[in-house]
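Next come the chains, spelled out residue by residue.
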Amino acid sequence: MSSGIVVVGDVITDVVAMLSGPLATGSDTAAGIRFSGGGQAANTAAWLAAQGAEVTLVAAIGDDETGRERVAELERVGVTCAVERHEGYPTGTVIVLAHGGERTMISQRGANLRLTAAQVDRALAAAPDAGHLHLSAYTLLDAGSRGAGQRALAVARERGLTTSVDAASAAPLRRVGAAAFLSWVRDVDLLLVNTDEATVLAGGLDPAAQARALTAAARRVVVKRGAAGAVWVDRNGTVETAPARGVPVVDVTGAGDAFAAGLLTAWLAGADSRAALSRAGDLGALAVSSVGARPAS
């Protein structure tokens, strides 16, 4: 059975500011500041590689030093990078303001907008052992890269790969609209959403009802609820809930990406919904226990 995982999406430099207190708008707020690799797709790929998965990342960077640094650090942890450089465009950057278990992100998508369907075709042709495709929905939510995301899902279906999509972020989901987004991800095998994204896509229902509603589009839906745990619902009627691990929260950046990697590695290895959620929770807890969006090296 084909076992490789292809992850399609974004590479970002995260500038993480751990605020000492609430943001003093228009004035100064003390913070610990760290530069590190980020991007939903790149983070998930790094966490997958840390679990021993064979993973290829399909993404776009600028022809700049930060882009080269981002690729090098991913390759060091075992990610195969099918990454193309684009002159005249910066590698994406996100400023993350983190405080009290919440984070606010200020984004420059940069070269991520240059990801193309042709690049996706080349990358998938070069990964004949791939059995699963995981897509960061940022690719779909940006008009510039939407064709690449749609192509990735189409080629995966043509080749018989299983598919998963992480819904990415509530604000851009709201901008494109639930109906459009759900049409783009129709019949994916697994859709991951957090509480805010679930509300955008399914309305203000309880989490299990949101997930059940979203199974009209996706075969399986997992609602990530942060400190409240997670819910899995599938078209077979399975409803599984899991509590979150009780760990001190240092930084929630990348926690959902770690959760996704744990869920995928377990599910693709044949685990049932309960075991998959448990593994996802383990990695999510590990992620929030340290600063940064990647596994500790």
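Where an unreviewed UniProt entry is consulted, the chain appears under the name Ribokinase, with the organism given as Micromonospora solifontis. Database annotation for the chain, UniProt heading Sequence similarities (unreviewed entry): "Belongs to the carbohydrate kinase PfkB family."

Undergrad: Help me understand the overall build of the chain, please; the structure alone is not making it clear to me.
TA: What the chain contains, in helices and strands, is eleven helices and 13 strands. Taking 19 Å as the expected radius of gyration for a compact globule of 297 residues, we find that the chain reaches 18 Å, a close match to that expectation. C-alpha atoms of the chain, sized along the principal axes, occupy 50 × 40 × 35 Å. Put simply, 70% of the contacts in the chain that link residues at least 6 apart link residues at least 24 apart. Of the roughly 12,300 Å² that the chain leaves accessible, carbon and sulfur atoms contribute 51%. Computed over 26 positive and 29 negative side-chain charges, the separation of the two mean positions in the chain equals 4 Å.

Undergrad: Could you clarify how one ought to interpret the environment of Gly67 in this entry?
TA: With respect to the secondary-structure elements, Gly67 resides in helix H2 (residues 65-76). Of the residues examined, Gly67 reaches a relative accessible area of 0% and is grouped as buried. Between the alpha carbons of Gly67 and Trp232 there is a distance of 36 Å; along the sequence they are 165 residues apart. Residues in contact with Gly67, not counting those within four places in the same chain, are Ile61, Gly62 and Thr91.

Undergrad: Help me understand the sheet that holds strand S10 (residues 190-194) in this model?
TA: By way of backbone hydrogen bonds, the strands of a sheet pair with one another, either parallel or antiparallel. Taken in spatial order, the nine strands line up as S5-S4-S1-S8-S9-S10-S11-S12-S13 in an open sheet, and their pairing is mixed. Each edge of the sheet is formed by a strand with only one pairing partner; in this case those strands are strand S5 (80-86) and strand S13 (239-242). Taken pair by pair, the neighbouring strands of this sheet meet at an average axis angle of 15°, ignoring direction. In this structure, strand S1 (residues 4-8) lies alongside strand S4 (residues 55-62), joined through four bridges in parallel fashion. By the bridge assignment for S4, Ile5 is matched with Val55. Against the sheet, helix H3 (residues 117-125) touches S1, S4, S5 and strand S8 (130-136), its axis set at about 155° to S5.

Undergrad: In this structure, what is going on with the pattern of salt bridges? I would like to understand it.
TA: For side chains bearing opposite charge, pairing can occur when the charged atoms are close. Summed over the entire model, instances satisfying the criterion amount to 14 salt bridges. In this structure, the salt-bridge partner of Glu240 is Arg274, at a minimum N-O distance of 3.1 Å. Of the two residues, Glu240 sits in strand S13 while Arg274 sits in helix H11 (residues 273-288), which places them 34 residues apart along the sequence. For Glu240, a relative accessible area of 14% corresponds to the buried category. Assessed through its relative accessible area of 57%, Arg274 is described here as exposed. Within this structure, Asp10, Arg109 and Asp142 form a network of salt bridges that share partners.

Undergrad: Just checking my understanding: could you explain the sheet that holds strand S2 (residues 12-19) for this structure?
TA: In space, the four strands of this open sheet follow the order S3-S2-S6-S7, with mixed pairing throughout. The sheet is open, and its two edges are formed by strand S3 (31-38) and strand S7 (102-108), each paired on a single side. In this sheet, neighbouring strand axes are inclined to one another by 20° on average, regardless of whether the strands run parallel or antiparallel. Examined bridge by bridge, strand S6 (residues 92-99) and S7 share seven bridges and lie antiparallel to one another. Bridge pairing in S7 places Ile95 opposite Ile106.

Undergrad: Which parts of the structure should I look at to understand the pairing of S5?
TA: Along any regular strand the residues' side chains alternate between the sheet's two faces. The pairing of S4 with S5 spans seven bridges and is parallel. The partner of Val58 across the bridge, within S5, is Ala82. Once the chain exits S4 it traverses H2 before rejoining the sheet at S5, and the crossover so formed is right-handed.

Each value, and the rule that gives it
- Residues numbered from 1 in each chain as written.
- Predicted model: local features only at pLDDT ≥ 70, side-chain atom pairs only at ≥ 80, totals over all residues.
- Heavy atoms only, no water.
- UniProt positions renumbered as here; feature names shortened; annotations may be inferred.
- Helix = DSSP H or I, 4+ residues; strand = E, 2+ residues; numbered from the N terminus.
- Rg over C-alpha atoms; globule rule 2.2 N^0.38 Å.
- Contact = heavy atoms within 4.5 Å.
- Areas by Shrake-Rupley, 256 points an atom, 1.4 Å probe, with all protein chains shown as cover.
- Lys, Arg positive; Asp, Glu negative; His and termini not counted.
- Charge placed at Lys NZ, Arg CZ, Asp CG, Glu CD.
- Buried < 20%, exposed > 50% of the residue type's maximum accessible area, 1.4 Å probe, protein only.
- Pairing = 2+ DSSP bridges.
- Axes fitted to C-alpha atoms, helices over the stretch in contact; angles between N-to-C directions.
- Salt bridge = Lys/Arg side-chain N within 4 Å of Asp/Glu carboxyl O.
- Right-handed = clockwise from strand over helix to strand, strands pointing away.

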